[in-house]
Amino acid sequence: MKGDGVSTTRGERDTRIHQVVFRWTDQHLLGGRGVGPVGTSLSDQRDLARWSDLLDNGDLVGPLRPDRPALGLLRPRSRPGLAVVVRADAVPTSSRGSHQVHALLGADEVLTARLALGLRHWAGWLPPQDGPLPDPHLPALDPADLDTASTVPGRADPQEVAALLRHVLHHPDYHFHFAGAHSDPYALGHALACLLDVSLVVEGDVQAASAQPRIAVTAEKTRLHIPPSHWYRKSPASRAPLEEWADDIGYLVDRALADPSRAVPTSPEERRRGLSDLHYQREGLYRLLLRALQGDASARRYLAQEDTLRWARQEFAALGPDELAKLCRAWGGWPRAPRGLTALLRDRVAGLALDWRDDPDLDDLRGAGRQVFSPPVPERPEERHAQLRPVTDRVRHLWRDRSGRPAADFDTLLWHAHQLARLSTAEVRDLLTGLGVPAATLVTLAGSHTGDVMAREFRRGILAALQEYPDLPEDRPEVRAALRKRGFLLDALADETAERRQAVFAHLLGLGYGPPGPGRTDSRLSDRLPEDLAAVDTHRLLPSLLPVAARYLSVKERLRLWYRLRGFLADRETAALLDGALPYLVDRLAGAPTLREFRGIVKTLVELRRADALPVEGFQRMCREHGHFQEELYALRGRDRYGQAGQEIILAFADLMWLASGEVPPLADGRTPPPPGSRALPERKVEELERAELYPRPAYFRLALIRVSRTESAHTPASERLWRVFSPEMVESLQDRPDLMTIVGRPPATADSGTRPGRLRSLLSRSSTGAKKAAPPLALPSRGPVEAEDGDPGRDEPSIPEPPYASSGSTARQHRPTARDGADHDTARPSFASTDEEPDEAPRTPRQAAEGTGAAPRPGEPAPQWYEDVAEQPAPAEPEPERARPDGRDRRGVWGHPGRGPTDSTFVGEGRGCRSPVLRTLLFAVFLAVLLVLVVVLVVVAVVGSGGSDWSSPPEQSGPAVSAPPQDTPASPSPAVEETSR
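Counting of residues starts from 1 at the beginning of each chain's written sequence and follows it residue by residue. Note on the predicted model: pLDDT of at least 70 is required for a residue's local features to be given, and 80 or more for side-chain atom pairs to be given and counted; whole-chain, interface and lining totals, by contrast, use all residues. Remark: hydrogens and water are excluded; side-chain values derive from all non-hydrogen atoms of the structure.

*Asks:* Hey, could you go over the packing of helix α14 (residues 339-353) against helix α16 (residues 381-400) for me, with residue numbers and the actual values?
*Replies:* Each pair of packed helices can be described by the angle between their axes along with the distance between the axes. Think of each axis as a best-fit line through the C-alpha atoms, taken over the contacting stretch in the case of a helix, with angles from 0 to 180 degrees between the N-to-C directions. Here a helix means four or more residues in a row that DSSP labels H or I, a strand means two or more in a row labelled E, and each is numbered from the N terminus. Contact pair α14 / α16: the axes reach a minimum separation of 8 Å and the direction vectors enclose 30°. Judged by the angle between their axes, α14 and α16 are roughly parallel. In the packing of α14 onto α16, the handedness of the crossing is right-handed. Contacts between α14 and α16 involve Arg-339, Arg-346, Asp-347, Ala-350 and Gly-351 from the former and Glu-383, Gln-387, Arg-389, Pro-390, Val-391 and Arg-394 from the latter. Think of it as three bins: nonpolar holds Ala, Val, Leu, Ile, Met, Phe, Trp, Tyr, Cys and Pro, charged holds Asp, Glu, Lys and Arg, and polar takes everything else, Gly as well. Looking at the contact of α14 with α16 residue by residue, the class counts come to three nonpolar, two polar and six charged. The labels follow the angle: roughly parallel below 35 degrees, roughly antiparallel above 145, roughly perpendicular from 65 to 115, and oblique for the rest. What makes a crossing left-handed is the near helix being turned counterclockwise from the far one by less than a right angle; a clockwise turn instead makes it right-handed. The contact rule is simple, with two residues in contact once any of their heavy atoms fall within 4.5 Å.

*Asks:* Any chance you could break down the UniProt feature "transmembrane region" (unreviewed entry) in the protein for me, citing the residues and the numbers?
*Replies:* UniProt positions are given in the numbering used here, feature names are shortened, and annotations may be inferred rather than shown by experiment. Under the UniProt annotation, the feature "transmembrane region" (unreviewed entry) is placed at residues 922-944. Counted over residues 922-944, helix gives 100% and strand 0%. Its end C-alpha atoms are 34 Å apart.

*Asks:* Pulling in residues and values, what's your account of the environment of Pro-241?
*Replies:* The residue Pro-241 is located in the loop between β11 (231-234) and α7 (246-258) in this model. Here the term buried applies to any residue with accessible area under 20% of the maximum for its type, exposed to any over 50%, and partly exposed to those in between, with areas from a 1.4 Å probe on protein chains only. For Pro-241, a relative accessible area of 17% corresponds to the buried category. With 77 residues separating them along the chain, Pro-241 and Leu-164 place their C-alpha atoms 9.6 Å apart. When near neighbours in sequence (up to four residues on either side) are disregarded, Pro-241 contacts Arg-166, His-167 and His-170.

*Asks:* Explain the pairing of strand β2 (residues 34-40) to me, and be specific about the residues and the numbers.
*Replies:* Among the seven residues in β2, six count as buried, and that is most of the element. In this scheme, strands are said to pair when DSSP sees at least two bridges between them. Note that strand β1 (residues 18-25) and β2 share six bridges and pair antiparallel. Paired with Trp-24 across the two strands is Val-35, which belongs to β2.

*Asks:* Any chance you could break down α7 for me, citing the residues and the numbers?
*Replies:* End to end, α7 covers 18 Å across 13 residues, agreeing with the expected 18 Å (1.5 Å per residue, within 8%). Residues of α7 that are buried: Asp-248, Ile-249, Gly-250, Tyr-251, Leu-252, Val-253, Ala-256 and Leu-257. Of the surrounding secondary structure, the elements contacted by the buried residues of α7 are α5 (158-170), α6 (185-195), α8 (268-273) and α9 (278-283). Here, expected helix span is obtained from the residue count minus one, scaled by 1.5 Å.

*Asks:* Please give an account of the packing of aromatic side chains that cites residues and values.
*Replies:* Pairing of aromatic side chains here covers Phe, Tyr and the six-membered ring of Trp, requires ring centres within 6.5 Å, and sorts the geometry by plane angle: under 30 degrees stacked, over 60 edge-to-face, intermediate tilted. Using the criterion set out here, one finds 18 aromatic pairs in the structure. Seen in terms of ring centroids, Tyr-174 and Tyr-232 are 4.4 Å apart; in terms of plane orientation they differ by 15°. Their pairing is stacked. One end of the pair, Tyr-174, is in the loop between α5 and β7 (175-179); the other, Tyr-232, is in strand β11, and 58 residues separate them in sequence. Three or more aromatic residues link up through ring pairs in this structure, and these residues are Tyr-634, Tyr-642, Phe-653, Tyr-695, Tyr-700 and Phe-701. Here Arg-120 stacks its cationic end above the ring of Tyr-186, 3.9 Å away from the centre of that ring. Ring-over charges, as used throughout, are those where CZ of Arg or NZ of Lys falls within 6 Å of the ring centre and within 35 degrees of the ring normal.

*Asks:* Run through the nonpolar core, naming residues and quoting values.
*Replies:* Grouped together as the largest cluster of nonpolar side chains are 160 residues, with contacts concentrated most on Phe-410, Phe-488, Phe-505, Phe-598 and Leu-703. A per-element tally of this core places helix α31 (residues 644-660) first, with twelve residues. Ignoring anything within four residues of it in the chain, the contact list for Phe-598 reads Leu-589, Ala-592, Phe-629, Glu-632, Leu-633, Leu-636, Ala-652 and Leu-656. Counting 49 residues, the second largest nonpolar core, distinct from the first, contains Ala-83, Leu-111, Ala-181 and Leu-192. In this description, a nonpolar core means a group of buried Ala, Val, Leu, Ile, Met, Phe, Trp, Tyr and Cys residues linked to one another through side-chain atoms lying within 4.5 Å.

*Asks:* Just give me the short version of the sheet that holds β11, but keep the residues and values in it.
*Replies:* An order of β2-β1-β6-β5-β4-β8-β10-β7-β11 is seen for the nine strands of this open sheet, with the pairing classed as mixed. Because the sheet does not close on itself, it has two edges, and the strands there are β2 and β11. Strand-to-strand twist of the sheet, defined as the mean angle between neighbouring strand axes without regard to direction, takes the value 15°. Sheet topology places β7 next to β11; four bridges connect them, and they run parallel. Looking at β11, one finds that His-177 is bridged to Arg-233.

Below, the structure is given as structure tokens:
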């Protein structure tokens, strides 16, 4: 109120307490001599003048005894809502008998009689003196500081307090002067102030009737200066009224003296009205509640009062677990119990039953507490929220103070809250979301309550909170570790529907391993997903969740996971992991940088085919489009054509042939390298693959075709026919490699040690094969020393990079493994007419090979029968001049035709041969005549008993053969071939 000097606003009045000190001085703050204000915290001079006039310039209160200060609370009638705490001390050094008054000014709800008497020993009181203060500006005080400084001045006799209280309650509107008590007057006054909210002065005499206190307490019986006519002078020894309430008032006094801080002062009128209910409080809250629950109407009326709720709030804190459990079980017997009383019971039960520790003694309380937290009658949403408020508040309070607590403690706390309040799925979710529990902790919580039917709603609430948890990259390592430890919560998801199970599982993978598809940022974690999922490969729910996991895996990761799970799950259960695997593997084959990687990819394709998971038609189409990957594999060959790298290429071609034919590759017997399979590829499919051959030399493709066309124990007509294409020298050279023979198999007898049929055999073979004509079996020159150098099959062959001819203009040049400058792509070595070191050449049609022109067909088109006899082809009008190979080897083809490389042997002779068909016919007739003569001679020799030679033995050389250029080391001997003299 304006002009009070305390404040100009109500907010400031409630928080500030001002000081005024009155002394005798020659010049006080109001400009006079005598007793007046010498110090204050009031900033307005007018406010100081008003308060000085109200307090009679300090003469309003005086001490009755010089050794006892007057202390109390006054409430001036002219200042409603304001109160004054006064302390009057006699000045011991004053010859005038003056005194000092120190007053505290504030609101009446802040300044009480109990506070005034509790400040008897406050250090803020100024010592009594005369004269001015060194500094007249005093600070304003904080009420909280005064409450802290307040103490209990002593303990009064309960009987004296009860007797005096009975006098006041008998006449609530009277003023009383209590004197002659044996208790300390300050302790007696403080006890009365704890029970009654009245103005009170101890050992003081108030001069003005407008500020007289309701109670005055003195140690001696003395007469006050201006006692009003309605004052009653009483002593504890006088007969007290209200005999019928003596026990109840005594109980009230005992309780207040036991804990003065919990006592609530009330006006005498209110205290008198409450006397009728004191006997209930005397019984205690527990007994009173039991009476009310048993149907006592008077007890229920008393508990429904507002004053009783304030008392009950204090009494609930003294109830133990057993008493609370009994009250909770019987609470249903009072359907219309006051809401405030029920809320107090819930607060106490939640505060005692919910704790970090798992105390079995509290299990009974949590079980009984469900009666007050989960009543059978459905509650409205707002009522349910008020019902759960004690539980949620308690959990939030403990969660804020969880420092150093493990996740297991929080699990215990949350499970106890669910047991107590029977939380639904939505309530558990809202509680966890509001607390901000980390995702890793939620995973741990969900995994700790699996298999328990009672925990179904609790578990579903945790899963719902996980679904709403945002994906944070910094949380992924911890979430991944929790998911792996808890088996991806598959047991917790067992009770969910299929749709919800997949939704929750997808969000769990996002929390632990990042988003699906190209949005993943942490490849280190996503690469571990196949390994982590393989750890739960035996769980019955994993097959139904593999389609979800496939969205979070790349094709490579899906294949890794498929490898791990193929032994545990059925093919239809892992089909989702192979979506897009075939295009991915084919692209990897086409771009494989090393032969080892190529073989690994082929092995994966074989495993897919054996599991019936490879789309056969799709792979056949892709294989034809890539030309059975001949260009890729030939580019990966090593320096030793048929060494370790060459053998690996043959094995790769063999597996691709089985797959391209739609067949399942036979299983190997465990040896390394594996032998041919237990069954052979059908003849029709062998012929199809034979037409797809692009590169005749090295003969990787044909040797692989031989491998798949025979069995481990026997040859087939197809394999024998393929062996007959090679010359005996070529067969002998291949047989010198036991490791190669282990892969391909030993040749048949006709190919291993057969005769050299010559031109007639070639014609007969061509006429018998029909669709494909065999190449003429020509003799081979001896192998040179370079073969021994490159013939170590155990040595790792270096990978050959992509040949530079890939950017050439024609298709034929693209398939030639020599560089643009004519240098050998493998190494620059002297030329040898060796079967192991055949020159590489692109495939051509028979007519193009005879003419020395043309280009190889594009991949995917039927390959030409490059081994047909070129004698059937017409010769060009003009002979093409002889061209030397860039590596120094002879470019002359079969029968001396340039541009046509040998099939599997190199013809070495003296002349260039003849290009005219007529001349060749004549030469052939001459050859037949000579042959007939030789047969006659042999018959004659046989008749006369002389030793003869086989008709297929090579004739004696009539002239020197053209050999390779001179080498640094001598060449190993090899049978020379001489053309029959014309």
